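# Residue-level structural notes
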Amino acid sequence: MRIVALAGGIGGARFLRGLRHTAPEADITVIGNTGDDISLFGLRICPDLDTVMYTLGGGINEEQGWGRADETFTLREELAAYEVGPAWFTLGDRDFATHIVRTQMLDAGYPLSAVTEALCDRWRPGVRLLPMTDDRVETHVVIEDDEGKRAVHFQEWWVRLHAGTPARSIAAVGADDAKPAPGVLEAIEAADLVVLPPSNPVVSIGTILAVPGIRAAVAAKTVVGVSPIIGGAPVRGMADACLTAIGVETSARAVAAHYGPDLLDGWLVDTADDGTAGDLDGIAVRARPLLMTDVEATADIARAALDLAEELRA
């Protein structure tokens, strides 16, 4: 079975671990969000790609869901002593090494897709991990606070401000002019099905779909998504703040409608939202427990997504 998954950060990475567990023989290609990417300390940081790579490669900090396990922070302390910031974005010593290697390769002229492949040679994630594009795309958020109306990088809004300042709008800067990374469209075309994990529908999945050509390619396949909203609230993170910014209600039903029946064929919701089950304007909806409490529970969710896809393909 050839599976393509679009993935953002923690929720997407943990779902992929369950998918790999439940379908060990499948050929899985992961198209990762790069809209969260940011340049800090002279280094190019790709949070979502790294979270997938570390999680599937066994190097993730399991408690927080991002960053490296057994991390130390000597370099951060030294930078702080020099009063070099930003202090709000935490990077550990092991994580710094990844960003140094990535930046060296990018500066040498290698595209992000080739750099990601080289990094994965170490981590062996068991999937093919592709950035959505080799072009520079960054998600920016327009806010209004004591400093007035201004645009900030998504990471500053998310990490420093904890999405506490309401977003007036969210934009994937550069997406309109970007091209899918090599192998992205080919993987989608060859796929038996496409899965949308419970990643942020606005700044993760939505940003990937904003790259010209990707949404149309995905829409041509059988697509099953897993709701990131349970009982009217995000499972983790602040996806509700992103949904509010684009005028979408924080509910499993509203997120499915946001994706739309032109893209989505099947939709898994939690039993807390079983009133949504049935059919939603042409989208087949099924209810089951969606909390990813451990690998086995997550594998069961992934299996339900694959089973629904097979049902819809029949």
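Look above for the structure.
Read on for an overview of the structure. In this text, all values refer to a predicted model and were calculated from it rather than measured experimentally.

For the rest of this paragraph, the subject is the sheet that holds strand β8 (residues 169-173). Here we have three strands laid out as an open sheet, ordered β7-β6-β8, and antiparallel in their pairing. The strands lining the two open edges of the sheet, one partner per strand, are β7 (148-153) and β8. The average undirected angle you get between the axes of adjacent strands in this sheet is 25°.

What follows is about the side chain of D48. Inspection of the secondary structure puts D48 in helix α2 (residues 47-57). This buried residue, D48, is left without a salt bridge; R102 holds the nearest opposite charge, at 11 Å. Within the structure, the side chain of D48 is placed 2.8 Å from the side chain of N33, a separation counted as a polar contact. Not counting chain neighbours up to four residues away, the residues in contact with D48 comprise G8, G9, N33, D36 and S204.

Counted under the stated rule, the structure contains seven aromatic pairs. Geometrically, the ring pair formed by W157 and W158 is tilted, given 6.0 Å between the ring centres and 50° between the ring planes. One exposure class covers both W157 and W158, and it is buried. Seen from the ring of Y54, R68 lies directly overhead, with NZ or CZ sitting 5.5 Å from the centre.

With that settled, consider unusual backbone geometry. Residue G85 is joined to P86 through a cis peptide bond whose omega torsion reads 10°. Assignment of secondary structure puts P86 in the loop between α3 (74-81) and α4 (93-107). Even without glycine at this site, E83 takes up a positive phi of about 60°. Relative accessible area serves as the criterion here: at 74%, E83 is assigned to the exposed category. Phi at H162 takes a positive value of approximately 55°, unusual for a residue other than glycine. Of note, H162 is situated in the loop between α6 (154-160) and β8. Residue H162 is classed as exposed on the basis of its relative accessible area of 55%.

Our next topic: the sheet that holds strand β14 (residues 278-280). Spatial strand order, β5-β2-β1-β9-β10-β13-β15-β14: eight strands in an open sheet with mixed pairing. Edge positions in the sheet fall to β5 (128-131) and β14, since each has one partner strand and no second. Here the average twist between neighbouring strands, direction ignored, is 25°. Two strands pair when backbone bridges link them, and strand β1 (residues 2-7) and strand β9 (residues 193-196) are joined in this way by three bridges, in the parallel orientation. Residue pairing in the sheet places I3 in a bridge with L193 of β9. Across the sheet, helix α1 (residues 10-22) touches β1, β2 (27-32), β9 and β10 (223-226), and the angle it forms with β1 is around 165°.

Cut-off values and rules
In every chain, residue numbers begin from 1 and rise along the written sequence. Residues qualify for local features only when their pLDDT is at least 70, as the model is predicted, and side-chain atom pairs are given and counted only at 80 or more; totals for whole chains, interfaces and linings, by contrast, use all residues. Side-chain metrics in this entry use all non-hydrogen atoms of the structure; hydrogen atoms and water are not considered. When DSSP finds two or more bridges between a pair of strands, those strands are recorded as paired. Only runs of H or I of at least four residues qualify as helices and only runs of E of at least two qualify as strands under DSSP, and these elements are numbered from the N terminus. Under this scheme, a helix contributes an axis fitted over its contacting stretch, all axes are lines through C-alpha atoms, and angles between N-to-C directions fall in the 0 to 180 degree range. Think of it in three bands: residues with accessible area under 20% of the maximum for their type are buried, residues over 50% are exposed, and the middle band is partly exposed, with areas taken using a 1.4 Å probe on protein chains only. Under this rule, positive means Lys or Arg and negative means Asp or Glu; His and the chain ends count for nothing. Salt bridges are defined as contacts in which a side-chain nitrogen from Lys or Arg sits within 4 Å of a carboxyl oxygen from Asp or Glu. Any pair of N or O atoms that falls within 3.5 Å is considered a polar contact. Within protein, one atom must be able to donate a hydrogen and the other to accept it, and sequence-neighbouring residues count only if both atoms are side-chain atoms. Contact definition: two residues touch when any of their heavy atoms are within 4.5 Å. Stacked, tilted and edge-to-face pairs are distinguished by plane angle, under 30 degrees for stacked and over 60 for edge-to-face with tilted covering the rest, among Phe, Tyr and Trp rings (Trp via its six-membered ring) whose centres lie within 6.5 Å. Placement of a charge over a ring requires the Lys NZ or Arg CZ to be within 6 Å of the ring centre, with the centre-to-atom vector within 35 degrees of the ring normal.

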